[in-house]
Amino acid sequence: MTSIEMAIRTRLDVIFSKYTPNEQLTEFKEELVADLLDAYQDFAKQDKSHDEALDDAFAQLGDIDTILRELSQTKKQENDDSKSQTKKSSFFEFSNDGLHLGNLHIDGQGVRLGDDIVIDGKHDKVQLGDWLHVDRSGARVGRKYYRFDEDEPSDTTHTPSWSVAHHNAQIPTSDKPFVFDYKNADVHFYSNDKADLITLDEFFSRDNNRYFADIQETNEQISVTQGDNPLLFHVRTQVNIGLPKDFNHGKITMINHSGRIMAQDLSLQQFNLYLHAGNFRGNHIQAETANWQIHAGEVKVQELNFKHADIFNKSGNLKLDNMTVEDSHITVTSGTVQISHFTGGGQFATHTGSLRLRIDKLTDDLKLQAKTGSIRVTMPESQDCYFNLSANMGSIVMDHTETTHFDKNTNSYKCGFYGDNPKFTIDANVDSGTIKVY
Amino acid sequence: MAISKDLIRGHIDTIILNILNQSDSYGYQVGKSVRILSQNQYDLNEATLYTAFRRLEKSGDITSYWGDETQGARRKYYKITPAGQAHLTHAIAEWAFAKNVISQLITGTIAEGEES
């Protein structure tokens, strides 16, 4: 048995120890060992340490208590009858159903050699082992997946199929802030090919001029406000907003009460978002400042680069990947925060929920807080720093090497530094919960 | 956008049957297949997955067997049964019918003066 398998088994033993053992539970545990080993292998590719990958593998398992309770109560039943049913088929069979020669099958389902080689014309599917899978939607080669259809957020400038009315407007860029105020629309931000024009395309599922947005300029700002929104029936609305590629002095505020917002390839001075209920998905966004307030919704952004970012999500999850923010203020009241490849500093807090942060590089101090929940942090690969970790109720676990120096080292309080040349401090506190540092 | 639990709940068994109908598979891999099929838009919690396996096994839609891995732990594979395939075919037909009707019900508008 490898040491990984041993570690997985030990952890499972702890989880299973609450239940009276029976055959079903033992079988389930065996199943979990294999699956967790797989998950561990996947996480080990990106995680630094053994322990970290192990925690991640167990984290994705979710809550298995319900199923354990169920299994511990089931009596052993006549589960052998299912096995006796699988009849042995002969080595060679040739009939109207097709040709079967050992594990080579040629029949209505296509051509299969064992489970490894499958050519299935009916479902447009070709499969060679675990390595190559091609079907209608895309191709997976090794670990890479290629999609065939172009339903990507990048392709947002087309007219949706349900559209019966199209409103188009072009607004010259300005140093004044732009405020887009919508009640319930699907909004796509993208970068257009103009030098100094903002392009606005609105699509509606009903045709009436009064649905079109109203564009106003005052001394303070330029506002684009959603037109009439009938209460009695629903008018589906999609808005495509094209911004010049390098609109570096642009200040954009987007308000959407419910609906989704997508943004791609933006380079602005300010990008503010107010979303009451809905989702925000972004890719490659750059700005001096960003202020996002989401009431209930999911936020998923890749490649974000801000000087100052203030992100607040009342309930929902926040997933940020490749984030570079010098001064971050990230708060989630209830929900999880997951950040990978973080460069920068600032404050991160969750009230109820977990905080998972993988740091590439610190450029400032970091303050992490979870009221009820857990904090898990991956330290930067090659950067020394101070740490100050405390748990009012709970425990702290920390990977340490010979270069780790502790000033204080108890179960619920650890402070000290890594390496010879620490500069920034990671400060983490949980009220009740755990802190883990890798 | 994320798919809410309420919205997908009734379809989890069908999703699993569809995956197992393409080849036998084990827990973690089914979870991955869900991610691939949904183009990372949906993540099926493993706990939910195992519960569904138990349910489907009980109802006779799938069976399981242990793999013969030579190294590492042995995997538990799940296989769709003819009964499961029949249920899948039925569920797909049902879905094909329902999706348009539901879509009409949710987004459709009643034209002025339309009555029946």
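Small disclaimer: the values here were computed from a predicted structure and weren't measured. (Residues numbered from 1 in each chain as written. Chains lettered and ligands numbered in written order. Predicted model: local features only at pLDDT ≥ 70, side-chain atom pairs only at ≥ 80, totals over all residues. Heavy atoms only, no water.)

### Some remarks on the packing of aromatic side chains
Within a pair of aromatic rings, the relevant descriptors are the distance that separates the centres and the angle that separates the planes.
Step number 1: Here the structure, examined in full by the defined rule, presents 19 aromatic pairs over all chains.
Step number 2: The interplanar angle of 45 degrees and the centroid separation of 6.2 Å between the aromatic rings of Phe204 of chain A and Tyr211 of chain A together place this pair among those described as tilted. (Phe/Tyr/Trp six-rings, centres within 6.5 Å; stacked < 30°, edge-to-face > 60°.)

### Topic: helix α1 (residues 3-16) of chain A
Residues and elements named next belong to chain A.
Step number 1: In this model α1 runs 20 Å from its N-terminal to its C-terminal C-alpha over 14 residues, within 8% of the 20 Å that 1.5 Å per residue would give.
Step number 2: All of the buried residues along α1 are Ile4, Glu5, Ala7, Ile8, Arg9, Leu12 and Phe16.
Step number 3: Looking at the buried side of α1, the elements it contacts are α2 (23-44), α3 (50-59) and α4 (65-73). (Helix = DSSP H or I, 4+ residues; strand = E, 2+ residues; numbered from the N terminus. Expected span 1.5 Å × (residues − 1). Buried < 20%, exposed > 50% of the residue type's maximum accessible area, 1.4 Å probe, protein only. Contact = heavy atoms within 4.5 Å.)

### A closer look at a nonpolar patch on the surface
Step number 1: Among the surface-exposed residues, Ile106, Val111, Leu113, Ile117, Ile119, Val126 and Leu128 of chain A lie close enough to one another that they form a single nonpolar patch of about 480 Å² accessible area.
Step number 2: Note on placement: Ile106 of chain A falls in strand β3 (residues 104-107). (Patch = residues over 30% accessible without salt bridge, like charges linked within 9 Å, V, L, I, M, F, W, Y side chains within 5 Å. Areas by Shrake-Rupley, 256 points an atom, 1.4 Å probe, with all protein chains shown as cover. Salt bridge = Lys/Arg side-chain N within 4 Å of Asp/Glu carboxyl O.)

### Re helix α5 (residues 82-107) of chain B
Each turn of an α-helix holds 3.6 residues, which means side chains three or four residues apart point in the same direction.
All names here are of chain B.
Step number 1: Given a rise of 1.5 Å per residue, 26 residues ought to cover 38 Å, and the 37 Å separating the end C-alpha atoms of α5 matches this to within 8%.
Step number 2: A bend of about 25 degrees at Ala98 is the largest found in α5.
Step number 3: All of the buried residues along α5 are Gly84, Leu88 and Ala91.
Step number 4: Buried residues along α5 sit in contact with α2 (12-22) and β3 (76-80). (Bend = angle between axes of the 7 residues up to and from the residue.)

### Comments concerning the interface of chain B and chain A
Step number 1: The partner chain A presents 36 residues to the 29 residues of chain B that form the contact.
Step number 2: The contact between chain B and chain A buries some 3,100 Å² in all, and 49% of this surface belongs to carbon and sulfur atoms.
Step number 3: Where chain B meets chain A, there are 4 salt bridges.
Step number 4: With a closest N to O distance of 3.0 Å, Asp38 of chain A and Arg75 of chain B form a salt bridge.
Step number 5: Counting every contact that joins chain B to chain A gives 13 residue pairs in polar contact (both at pLDDT 80 or more).
Step number 6: Elements supplying a minimum of two residues to the side of chain B that touches chain A: α3 (27-37), α4 (46-58) and β3 of chain B.
Step number 7: A per-element tally of the side of chain B that touches chain A places α4 of chain B first, with 7 residues.
Step number 8: Class assignment for the residues of the side of chain B that touches chain A results in 11 nonpolar, 10 polar and 8 charged. (Buried area = accessible area lost by both parts, 1.4 Å probe. Polar contact = N/O pair within 3.5 Å; in protein donor to acceptor, adjacent residues only side chain to side chain. Nonpolar A, V, L, I, M, F, W, Y, C, P; charged D, E, K, R; others polar.)

### Regarding unusual backbone geometry
Step number 1: The backbone of Asn322 of chain A shows a phi angle near 60 degrees, a positive value even though the residue is not glycine.
Step number 2: Inspection of the secondary structure assignment puts Asn322 of chain A in strand β18 (residues 318-334).

### What to know about the nonpolar core
Residues and elements named next belong to chain A.
Step number 1: Counting 71 residues, the largest nonpolar core has Phe180, Phe189, Ile241, Phe271, Phe280, Trp292 and Leu368 as the members making the most contacts within it.
Step number 2: Per element, the largest residue contribution to this core is 21 residues, and it comes from strand β17 (residues 251-315).
Step number 3: Looking at which domains feed residues into this core, each of domain 3 (157-298) and domain 4 (317-438) supplies at least three.
Step number 4: Excluding residues within four positions of it along the chain, Phe180 makes contact with Ile198, Leu200, Val224, Ile241, Ile252, Thr253, Met254 and Ile255.
Step number 5: In terms of nonpolar packing, the next biggest core, distinct from the first, is built from 49 residues, Tyr19, Phe28, Ala53 and Ile64 among them. (Core = buried A, V, L, I, M, F, W, Y, C linked by side-chain atoms within 4.5 Å. Domains from an automatic or database assignment.)

Treat this as a map of the structure, not an account of what it does.
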